[in-house]
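Observations on the three-dimensional arrangement
Take a look at the letters that make up each chain.
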Amino acid sequence: MQLLGYCAWSLTDILSWLNGYQKRYGFVYVDRDEANEKDLRRIAKDSFYWYRDVIASNGKKL
């Protein structure tokens, strides 16, 4: 089967009106929660590095 493309959900965490910051969908974690902004650092998650390798290998490292 030939892969024509891949669409990522989101680069950074998504603030859901239903779940707040309980679920983290993005490739990059934002250091905050619903009650505290903390320092708002962006931290690359394991999925970030996986997706980087998928792109670099043109999909061969799926």
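Whatever comes next refers back to the structure up there.
What comes next is a walk through the structure. (Residues numbered from 1 in each chain as written. Predicted model: local features only at pLDDT ≥ 70, side-chain atom pairs only at ≥ 80, totals over all residues. Heavy atoms only, no water.)

1. So, the environment of Ala 8
Note the following rule: Where helices and strands are cited, they refer to DSSP runs of H or I of at least four residues and of E of at least two residues respectively, numbered from the N terminus. The contact rule is simple, with two residues in contact once any of their heavy atoms fall within 4.5 Å.
Note that Ala 8 resides in the segment before strand E1 (28-30). It is 9.7 Å that separates the C-alpha atoms of Ala 8 and Tyr 25, two residues lying 17 residues apart in sequence. When neighbours within four sequence positions are excluded, Ala 8 is seen to be in contact with Phe 27 and Tyr 51.

2. Here's the deal with the pattern of salt bridges
Put simply, the rule is: A side-chain nitrogen of Lys or Arg and a carboxyl oxygen of Asp or Glu constitute a salt bridge if their distance falls within 4 Å. Note on classification: 1.4 Å probe, protein chains only; a residue is buried when its accessible area is under 20% of the maximum for its type, exposed when over 50%, partly exposed between these limits.
For the coordinates displayed, the defined rule picks out 3 salt bridges. Between Arg 41 and Asp 39 there is a salt bridge; the shortest N-O distance is 2.8 Å. The salt bridge involving Asp 53 is made with Arg 52; its shortest N-O contact spans 3.5 Å. A relative accessible area of 45% means that Arg 52 is categorised as partly exposed.

3. Digging into the environment of Arg 42
Threshold: Any pair of N or O atoms that falls within 3.5 Å is considered a polar contact. Within protein, one atom must be able to donate a hydrogen and the other to accept it, and sequence-neighbouring residues count only if both atoms are side-chain atoms.
Within the fold, Arg 42 resides in strand E2 (residues 42-44). You can call Arg 42 exposed: its relative accessible area is 55%. Apart from residues lying up to four places away in sequence, Arg 42 is in contact with Val 28, Tyr 29 and Val 30. Separated by 2.5 Å, the side chain of Arg 42 and the backbone oxygen of Leu 40 make a polar contact.

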